[in-house]
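Each chain is listed here by its residues.
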Amino acid sequence: METLYRIRSWILSIFGLGRKNSDLSDEIESHIALQADLNIEAGMSPQAARREALKRFGNIEYFKEESRDAWRIRVVMDLIRDVRYSARSLWKSKGFSLAVVTTLALCIGANTTILSALYSLVLKPLPVENPERLVQLFNVRKDGTTESSSASSWTQYLDLRELDDLFEGCALRQDVTQIMGEAESARRVEGQKVTVEFFDLMGARPVLGRFFSPHEAKPEDPSNLLVLTQSVWENEYNSDPNVIGMRIPIHDYKDGRLPYTVIGVAPKSMEVFNFNAKYFAPFKIMSSEDTDAGRRYGRGAAVSDLWLRLKEEVSRDLALERIRAIEQRWLEEFSDKRYAWHNDRIAMFDQEHPLRNSLLLLEGGSLLVLLVGCFNIMTLTVNRVNQKRHELSIRGALGAGKFIVWRLLLMECACLVLVATALGSILAWGGNRIINKYLSILNPTTMPVAFDWELFIPVVIAMVGLAVLMSILPFEILWRTKLFQRVDGAARVASAGGLSRKLTNGMVVGQIAVAFAMLIGSALLFRSFQKVLAVDPGFEASQIIQARLDWDTIHSLYKKRSDKRSLKRRIYIAMQEIAGVDGVSFASNELLNPKLGHTFFKRGDEEEKPLAVMWHSVSTEFLATMDISLLEGRHFQPGDSEYAIIVDELFARRYFGDGDVLGAEMYFRKGGPHPGEPWYRVIGVCSRANLLGLEQRDESPILYGHQAVDEGGWSYTVLLRTSRSAGNVIHDMRTKLREIEPGLPLSYAGPLDEKLDELLTGRKAITYLLLSFSGLALLLSIIGVYAVLSYDVSQRRKEIGIRRAIGAGRSCVLKMILRQGASKTGIGLALGLLASLYFTRFLENQLFDVTAVDPWTYLATLLIFLLVALAASYIPARRAVRVDPLESLRL
Amino acid sequence: MKKVDFPQGTLELLILRVLSSGSNHGFGIAQRIHVLSKEVLKVEEGSLYPALHRMHERGWIKSEWGTTENSRRAKYYKLTRLGRTRLTAEKKSWETLATAISDVLS
């Protein structure tokens, strides 16, 4: 209490109120002293003089109060008085305050976290000039699925640049990974190559120095220039202005190690394209590439983002139509069947953010928590107002109008909201960190979600407004029942009015329904997650280490094909020499990268529908290394050509059914191989290995092509089978590799089971976040049940006492209260069941091996809910049992 | 002599009048009103202060701590420019009112 007074005097001193008060006292004291002086002069004794002076002055406290009323600061004093009163009365009912503050804080925390993620990742426009006219071009499969690269190519850029009647400009951006630094300190860093118009198109101005000028982007220009990102400039160069002109060695696959000169620093807004990139370099299109052959191949090498800025009066549809026409013309010009898969692709402007649906799902979850929270606050306030009815009716009788009573309740509300907002902000901050942690795994190039005040403040205002509404509304309703106008003591004895009872019962039932439906939804997701985890990967995930060799670096180091082959052979031997390694093999693609997809055509059906597959070109002993078992046919043998393929059982089942897949022939483009080239031929069927991730168990069948270690030069994923710890083996791999070629680092190395887990991050995040949201909803609705029942019991003490007195047994009273809890819960659960039967269908595409009406999930959730609700009713029921019959008779 | 209660609101006019002849403290103002009214008007001394504080909030007068002749600390009030114009206006409206009332009565 003492601290409370200290705080009060501190606040008062801010407004100069303390000084003003003592000033007033001094002033009046001096007045009396002057009068007393005069009286003494007139011959009175000092005591009599003072007494007389006081008499003449009149009621000192009254005039002091009147004087204070003249002060404008009076409003503040009233406010402080109200706040003090509210804080005291809230402190007295700790249960109520705690429940409201927790509810509100959780709602604010959950909603701001998810909303700010949704906003900054999906809804927020790009931080560029006039973002509404900037479009990105995607090349999407006509059937709606995305291809391995929905991105664009430089040939598209050259073609679309011609459309200057539609576009103000067009720029290409590509993520690159390069080796930066001198031999010893060399490290792989991410950068981006941009065409010269890029920064202009985005409306970006350099923070320091300048951007590229057109002649510097010409392929024949010998200068190698860099623009650093602002983050790198600030963090790695301490914002040193002398960074301009600095030379940084970068390994380029065409020309080897070269010094690049820093010419400028790009603003932070340009980091949205790739948050990990450290620099921008000019995108140079070699004139040698810009030939027919180059252009023909070019549409295939689609790894860049193509950005276009529409002219003001040009509509998106018109622009898209013209672009599609250009694409069609290209197809006709290069109608070579080799690239026939381009027939499937179509240019699009907008593509959904990959996290959009997950974030919307989460936002739905947090909004439901908010809904339950609102129900909860309303229930609690109705009870609170009911409890204070006695006090309020006395106030009313003493002449306090509606406004004064209203103001008191509002003040209580403000106190709670203030504390809840503070707590909610802390929760939102924590939630933001969790989101960013997941985000850095799910989508590493995305900028972390900033704690956005621009968004946080409106959300908090909305929450607070809602909370105020929720607490004022019950008061308003109860006021109309003229509850407070009676001081007949009814408030003390009678139970709550029928209306408020109906209100709270409705709220509790609603809460339970929503919470139950949410719990069902997240339980289904949780079951799915368990089912996914239970999927057999089909290979020895924990014993395989996967490592990538850097393709670019190899090409810059070794020009001749034979040199590349011998390098691969040396690496193969060196890896086998590592202690504890039981098998080594190579594969063309990174395993567990679900973004890769290919199409094949059956012989005899080569003009017809393509077979969607995943293609891995692997070395001879791949299946043995991975521990994938052969079901039919034979393994690869060293002498096999690249046209021998092994398919997995899913392929056989899906595309051949009962037919014989062994010996089947196919090719990867429409119309089959060129004359003289053989068909690919199936020599074996192996068991299914989920090399795209566990969730993709039924998605893409896998084709394994053969590429012996000594053949070809593009299989740069090394797979090692070992029972030793991954860290030690990777260390040995690096040592061995340095002995063979010091300039060639391992770009990625890690055990496959780690990668499997990583692929499940998104599902895990959504499952656990939704599970915790519905846990919150459950908790809140249980608080609701508990609050209503215990209030009921406290109001019905007299009735219960009488029942006890006329012979009701303990168990009878217990049952009566429990039955009440059970009936509310029962109605809520029934409504929730109906809701979940309807709404879970929207979850269906997130479910795995579980149907939306999985009976076990429903049953288990129902049971859990019932048990918890009964436990919550048991406490007030116990209290009812302990009512002393004498107590009610004495009243 | 019989003491007369004076009409509501005129207290402020009297205070303004007293202060127009120089700054004074609360006790002094009460004395002056008593003397100037030839001891007819007698202010209940306490009621002076709410009026003074009201006038202070309105900016008609300003205050300052000072010392009296018999060396006691007291708060001195002084007219502001706004107070002076108020005085003229209030005086005028009072005179109009007084003439009107005496015209009616005579």
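Residues numbered from 1 in each chain as written. Chains lettered and ligands numbered in written order. Predicted model: local features only at pLDDT ≥ 70, side-chain atom pairs only at ≥ 80, totals over all residues.

Draft legend 1. Representation of the overall build of chain B within the structure. On a plain count of helices and strands, chain B comes out with four helices and three strands. Secondary structure elements of chain B occur, N-terminal to C-terminal, as α-β-α-α-β-β-α. With respect to the principal axes defined by its C-alpha atoms, chain B has extents near 50 × 35 × 20 Å. For chain B, the proportion of its 106 residues judged to be buried stands at 25%. Long-range pairs, those at least 24 residues apart, make up 50% of the contacts in chain B between residues at least 6 apart in sequence. (Helix = DSSP H or I, 4+ residues; strand = E, 2+ residues; numbered from the N terminus. Buried ≥ 20, exposed ≤ 12 C-beta atoms within 10 Å, placed from the backbone. Contact = placed C-beta atoms within 7 Å.)

Draft legend 2. View of the overall build of chain A. Scanning chain A from N- to C-terminus turns up 28 helices and 21 strands. Buried positions account for 37% of the 891 residues belonging to chain A. The contacts in chain A between residues at least 6 apart in sequence include a share of 83% that link residues at least 24 apart.

Draft legend 3. Main features of the interface of chain A and chain B. Between chain A and chain B, the contact holds 19 residues from the first and 17 residues from the second. Put simply, the parts of the chain that give the side of chain A that touches chain B at least two residues each are helix 2 (17-41), helix 3 (46-57) and helix 4 (60-70) of chain A. Per-element tally for the side of chain A that touches chain B: the top contributor is helix 2 of chain A, with eight residues. Broken down by class, the residue content of the side of chain A that touches chain B amounts to eight nonpolar, six polar and five charged. (Nonpolar A, V, L, I, M, F, W, Y, C, P; charged D, E, K, R; others polar.)

Draft legend 4. Expanded view of the sheet that holds strand 1 (residues 24-25) of chain B. Residues and elements named next belong to chain B. Strand order in this open sheet of three strands is 1-3-2, and the pairing throughout is antiparallel. The open sheet has two edge strands with one neighbour each: strand 1 and strand 2 (61-67). With two bridges connecting them, strand 1 and strand 3 (residues 73-79) associate as antiparallel partners. Counted as the bridge partner of histidine 25 is tyrosine 76 from strand 3. (Pairing = 2+ DSSP bridges.)

Draft legend 5. Spotlight on the domain arrangement of chain A. Domain annotation for chain A reports domain 1 (2-71), domain 2 (151-348), domain 3 (356-533 + 761-890) and domain 4 (551-744). Grouping the constituent residues of the side of domain 2 of chain A that touches domain 3 of chain A by class yields two nonpolar, two polar and one charged. (Domains from an automatic or database assignment.)

Draft legend 6. Spotlight on the confidence of the model for chain A. Residues and elements named next belong to chain A. Counting all residues, the mean pLDDT for chain A is 82, and 89% of those residues have values of 70 or more. Confidence, read as mean pLDDT per element, is least for helix 16 (residues 490-493) in chain A (44) and greatest for strand 18 (residues 680-686) (93). Confidence drops under a pLDDT of 50 for residues 489-496, and excluding neighbours within four residues, the segment shows 10 contacts in the predicted structure. (pLDDT = per-residue confidence, 0-100.)

Draft legend 7. Representation of the environment of A:Met411 in the model. Residues and elements named next belong to chain A. With respect to the element layout, methionine 411 can be found in helix 14 (residues 402-442). A tally of 20 C-beta atoms within 10 Å means that methionine 411 is categorised as buried. In sequence terms methionine 411 and alanine 87 are 324 residues apart; their C-alpha atoms lie 8.9 Å from each other. If near-sequence neighbours (up to four positions away) are discounted, methionine 411 is found in contact with Asp82, Val83 and Ser86.

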